[in-house]
Amino acid sequence: YFFSKFFFVRAMSEEELYERWVRLVRQLEREGIIKSKRIKTAFLKVPRYKFVLDRYKHYAHVDEPLPIPAGQTISAPHMVAIMLEVADLKEGMNVLEIGTGSGWNAALIYELVKRDVYTIERIPELVEFAKRNLEEAGYKDKVHVILGDGTKGFPPKAPYDRIIVTAGAPKIPEPLIEQLKVGGKLIIPVGSYHLWQELYEVIKLDEKGRIKVINHGGVAFVPLIGEHGWRE
Ligand code: SAM
């Protein structure tokens, strides 16, 4: 009796978390932030509450960033949706994410490309946090979390169709352009202030590394810290 009661309560709460999540996804769709069916499907498949600390699970459906360990954040759902819409991911694309954080965005990317995703994080505690979240959510062999400085990219799996940076850079890191395929895209917040940037869509035009930049407007990310980013 006790066991079944315990189980019932837990099951209810997961159901409620998911119900709230579905409501947020529908709201983002109504607001025109989630535009494509594929991104909606990915959001429904990978709810944010699976990637936050226990004490924040009840806030996972609130459209704001939330704290994760080491003073970092999991981005707001609308921000993640905007970046994924700009990234225009297709099945089979080779994607590098920089700034793993909780692992949530990397799991969403997996759902959109359906092939192994590589993601780099500079803080060891977050590498562990993300790996745990990804394993529990069923992405252990699908999303590969690498400890390192993502401003240098990840040459072993280059060239990439897409590179998605989820921290704010002072300028476009040169190695990331080098590691893109021609026609590939880099999505990156760039700005001269630590916590205020503009979201750039950078398209690599040719082998010489010429680029075209489309500015998608103001955003606020934690700083990208590394050799081709901010100094610590
Ligand atoms: N995409 C994450 C998610 O889904 O939870 C949120 C990312 S959080 C806004 C930014 C992350 O970038 C932080 O975890 C931070 O430690 C990481 N970061 C900052 N500079 C980095 C660098 N040079 N290389 C890799 N990760 C970096």
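As the structure is a computational prediction, the values presented were derived from the model and not from experiment.

**Q** Explain the pairing of strand E3 (residues 95-98) here, please?
**A** Both faces of the sheet carry side chains from a regular strand, because those side chains alternate between them. Alternating residues of E3 divide into Val95 and Glu97 and Leu96 and Ile98, and every residue in both groups is buried. Relative to strand E6 (residues 160-165), E3 is paired through four bridges, and the arrangement is parallel. Note that in E6 the partner of leucine 96 across the bridge is isoleucine 163. The pairing of E3 with strand E4 (residues 117-121) spans three bridges and is classified as parallel. Of the residues in E4, the one forming a bridge with leucine 96 is tyrosine 118. You can see the chain leave E3, run along helix H4 (residues 104-113) and come back into E4, and the turn it takes is right-handed.

**Q** In this structure, what is going on with the sheet that holds strand E9 (residues 211-219)? I would like to understand it.
**A** Within a sheet, each strand pairs with its neighbour through backbone hydrogen bonds, oriented either parallel or antiparallel. Pairing is mixed in the open sheet, where seven strands are placed in the order E5-E4-E3-E6-E7-E8-E9. In this open sheet, the two edge strands, each paired with only one partner strand, are strand E5 (143-147) and E9. For this sheet the average axis-to-axis angle between neighbouring strands, irrespective of direction, equals 20 degrees. Taken together, the seven bridges between strand E7 (residues 180-193) and strand E8 (residues 196-204) define a ladder with antiparallel strand orientation. Within E8, the residue paired with proline 189 across the bridge is leucine 199.

**Q** Mind showing me how you'd approach the nonpolar core here?
**A** As a rule of thumb, soluble globular proteins bury nonpolar side chains together. Formed by 51 residues in total, the largest nonpolar core has its most connected members in Phe43, Leu84, Leu89, Trp104, Leu108, Ile109 and Ile164. Among the elements of the structure, helix H1 (2-30), helix H2 (37-45), strand E1 (66-68), helix H3 (77-87), H4, helix H5 (124-137) and E5 are those that each provide at least two residues to this core. Sort the elements by how many residues they give to this core and H4 lands first, with eight residues. Ignoring anything within four residues of it in the chain, the contact list for isoleucine 164 reads Met83, Leu84, Ala87, Leu89, Val95, Leu96, Glu97, Ile98, Asn105, Ile109 and Ile187. Membership of the second largest hydrophobic core comes to 20 residues, among which are Ile98, Phe154, Leu180 and Ile188.

Reading the values: the criteria
Residues numbered from 1 in each chain as written. Predicted model: local features only at pLDDT ≥ 70, side-chain atom pairs only at ≥ 80, totals over all residues. Heavy atoms only, no water. Buried < 20%, exposed > 50% of the residue type's maximum accessible area, 1.4 Å probe, protein only. Helix = DSSP H or I, 4+ residues; strand = E, 2+ residues; numbered from the N terminus. Pairing = 2+ DSSP bridges. Right-handed = clockwise from strand over helix to strand, strands pointing away. Axes fitted to C-alpha atoms, helices over the stretch in contact; angles between N-to-C directions. Core = buried A, V, L, I, M, F, W, Y, C linked by side-chain atoms within 4.5 Å. Contact = heavy atoms within 4.5 Å.

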